[in-house]
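Below, each chain spelled out in residue letters.
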Amino acid sequence: MSADQATPREEPEDLVHQRAELVEEEARLQHEAPSEGASRAARALADVAAEPGVPKPDPILVVEDLTRSFGGVKAVQVDHVEVQRGTITAVIGPNGAGKSTFFNLVTGFDRPDSGRWRFDGADITGRPAYRIAGSGMVRTFQLTKALMRLTTLENVMLGATGQRGERLLTAPLRFLWRGQEDQVRQRADALLERFRLTHMRDEFAGTMSGGQRKLLEMARALMVRPSLVMLDEPMAGVNPALTQSLLGHIQGLRDEGTTVVLVEHDMDVIMAISDWIVVMAEGRVIAEGRPDDIRRNKAVIDAYLGTRRELKEDDGEH
Amino acid sequence: MDLLAILSNSVRGAFGPEAAIYALAAIGLNIHFGYTGLLNFGQVGFMLVGAYGTAVPVVAWGWPLWAGVLVGVLCAVLLALLLGFPTLRLRGDYLAIATIAAAEVLRYLYRSSWAEPLTGGVFGLKQFAGGFYAFNPYSGPLDLGWLTFSPRALWVMTVGWGAAFLAAGLVALLIHSPWGRVLRSVREDEQAARSLGKNVFAYKMQSLVLGGVMGALAGALIGINSQALNPDSFMPIITFYLWTIMILGGASRVLAPIVGSVVFWFLLTFLDSALRQAIGTGLVPASVLVASDIGAVRFAAVGLGLMLLMMFRPAGLMGDQKELRLDVR
């Protein structure tokens, strides 16, 4: 405790420095020629109007009339929103905008008061979370959930679906699943390699740093072979160097054809990599569009400036 | 004091039928808690339904003993389903409360006068395991000079330890399979397992049933060993003995319940025997402790031992101390 209290004086400078790195990275990304996936996404979204609830040419996820209230507070009130296949779609908004609740509802981790949603053409309203994940929509968590007392490799291998050895009756009969287990291990090793976690392969995941856990979670989610990955604040609490690497991984996913939806409340971080942005405030979708549309959007500026002003007042009181 | 007699008693306790039976029940508990993270504080309830499931068909309907054991196992499956359906969806501590209550409710149910025609109520059941002893292959006692086991005890020990090692072997196979990997992931974080497409509820239920069946088999052996059953021998303290055994050995280690049970029964009989001798020879004066207090001292010692274990060696004798130091939230 005392060590924590002694250091905060030094932190602002550190933060400024880190911030600068991030801005540079963003600039670099913008000047770079867009990747194949980015141009594909841009072409697909070219004729889509920048307005809330606009239909997309090839939606992988369609949400209608989704509501969820906690007590008297309507946390989520989404009339209609669609996610275009093969894009990076960011859901942004100030704290308490309902982004995470929206995520929990769509992935089956929370039950809505009303609403329907379709994934890949199938109505998955009210399906349990594990079946939604099994059908190809996989999420990660804002607070990483590394399985501490499993090794890194086991963490990733767990993600593979349709494992014959996961049934109680076949589990003791090793010869039935050994071949499949070898394939799963190979895939897991390849993913560890890709996320540069190979050196942690046989260590308990509980020994990992916060950033490594973020990478592990992403690797584990990919093991499910998802067609849609939902990342809940993948960059929260991660240092700038790792943020860049995470951004790279996310773009890589899109370029391979996986759809990515991510929640962030830091606008700057995702402006550079998102193909489409959905802005939420007070549970509603208040704006949608390409990053450039969002930058100029009056409602968004109000929502964000509003919260900033509040924060300033808060600061004054301390 | 006769040290050899104390030692002989302790070794008899460490390898005797009770140790084997408790090891088997603790293996079941280890599946629940050690591998799945289920807080089952009612393992004795599974033992109770296993024991009575075995005895009642033999006494009341004249069924063969093996059919009785089968009924005992089915009762445990039923109990696991009844307990699991309402509670496994809830947070872990609710299961703890539900199981401890269920075990007590069952004990009162089995001893009630309403159930007396089948269970014998408070008088219990006697002499139902003749079918077991008819197959006893041992004709003479095991006599090591300082230690003897009767042929009867040898036969129960053979079956009891055999069952315990078979159960441990099954657990080893299961835990090192993908099924076991899912089970351990449920222990670490249910939500994460769910987010990777695993039906967490089904795995918890399978775990509850499997560990419960092992408890039921242990219960059946208790009845067979003593040829007598009484609901009041299935007190909640048994569950806490089992927890002590599991933690002493090291939770989530395959052989830990077996090692734990041997050490536990050695220490418990040693304490009992040494105190009796000390009182008998006047080493401990009657004003401090009399022989009838020894039972209470035993309970207190188990409680103290469990506390000391949790404080100084929470991973037990076989556990990985490093693993336990991980920041598990």
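In the block above lies the structure referred to throughout.
Enquirer: Any chance you could explain the overall build of chain B here in plain terms?
Expert: Within chain B, the secondary structure is distributed over 15 helices and four strands. Over its C-alpha atoms chain B spans a radius of gyration of 20 Å, differing by no more than 12% from the 20 Å that the globule rule assigns to 329 residues. With the C-alpha coordinates aligned to their principal axes, the bounding extent of chain B is approximately 65 × 50 × 40 Å. When each of the 329 residues of chain B is scored for burial, the buried share is 53%. At a minimum sequence separation of 6, the contacts of chain B that also span at least 24 residues come to 75%.

Enquirer: Would you explain the sheet that holds strand β9 (residues 276-281) of chain A in this entry?
Expert: Paired through backbone hydrogen bonds, the strands of a sheet run either parallel or antiparallel to each other. All names here are of chain A. What the six strands build is an open sheet, ordered β6-β7-β8-β3-β9-β10; its pairing is mixed. Whereas interior strands pair on both sides, the edge strands pair on one side only; in this sheet they are β6 (137-139) and β10 (284-289). Adjacent strand axes in the sheet meet at a mean angle of 20° when their direction is disregarded. Across five bridges, the pairing between strand β7 (residues 228-232) and strand β8 (residues 259-264) is parallel. The partner of M230 across the bridge, within β8, is V261. Sheet contacts for helix α9 (residues 240-255): β3 (88-92), β7 and β8; angle to β8, the most-contacted strand, approximately 150°.

Enquirer: Honestly, the interface of chain B and chain A in this entry has me stumped. Any pointers?
Expert: Reports often express the size of an interface as the amount of accessible area lost when the parts come together. Listed by partner, the interface residues are 31 residues for chain B and 35 residues for chain A. For the pair chain B and chain A, the summed buried surface comes to about 3,100 Å²; carbon and sulfur atoms form 64% of the total. Inspection of the region where chain B meets chain A yields five salt bridges. For the salt bridge of E188 of chain B with R149 of chain A, the shortest nitrogen-to-oxygen distance reads 3.1 Å. Counting every contact that joins chain B to chain A gives eleven residue pairs in polar contact (both at pLDDT 80 or more). Elements with a minimum of two residues in the side of chain B that touches chain A: α8 (151-175), α9 (178-188), α10 (190-195), α11 (200-226) and α15 (321-325) of chain B. Looking at the side of chain B that touches chain A element by element, the count peaks at eight residues for α9 of chain B.

Enquirer: How should helix α3 (residues 36-44) of chain A be read in this particular structure?
Expert: Residues and elements named next belong to chain A. Within α3, the full set of buried residues consists of G37, A38 and A41. Angular distribution of buried residues about the axis of α3 spans 100°; they occupy a single face of the element. Residues of α3 that are exposed and point more than 90 degrees away from the buried face comprise E36 and R43. The inward-facing, buried residues of α3 contact α9.

Enquirer: What is the right way to read the pairing of strand β4 (residues 114-119) of chain A from this model?
Expert: Residue and element names in this part refer to chain A. Taken together, the five bridges between strand β1 (residues 59-70) and β4 define a ladder with antiparallel strand orientation. For T67, the partnering residue across the bridge sits in β4 and is S114. In the sheet, β4 pairs with strand β5 (residues 122-123) via two bridges, with the strands oriented antiparallel. In the strand pairing of β5, R118 is matched with D123.

What counts and what doesn't
Residues numbered from 1 in each chain as written. Chains lettered and ligands numbered in written order. Predicted model: local features only at pLDDT ≥ 70, side-chain atom pairs only at ≥ 80, totals over all residues. Heavy atoms only, no water. Helix = DSSP H or I, 4+ residues; strand = E, 2+ residues; numbered from the N terminus. Rg over C-alpha atoms; globule rule 2.2 N^0.38 Å. Buried < 20%, exposed > 50% of the residue type's maximum accessible area, 1.4 Å probe, protein only. Contact = heavy atoms within 4.5 Å. Pairing = 2+ DSSP bridges. Axes fitted to C-alpha atoms, helices over the stretch in contact; angles between N-to-C directions. Buried area = accessible area lost by both parts, 1.4 Å probe. Salt bridge = Lys/Arg side-chain N within 4 Å of Asp/Glu carboxyl O. Polar contact = N/O pair within 3.5 Å; in protein donor to acceptor, adjacent residues only side chain to side chain. Arc of directions from axis to C-beta.

Take it as geometry only, folks, not as evidence of what the structure does.
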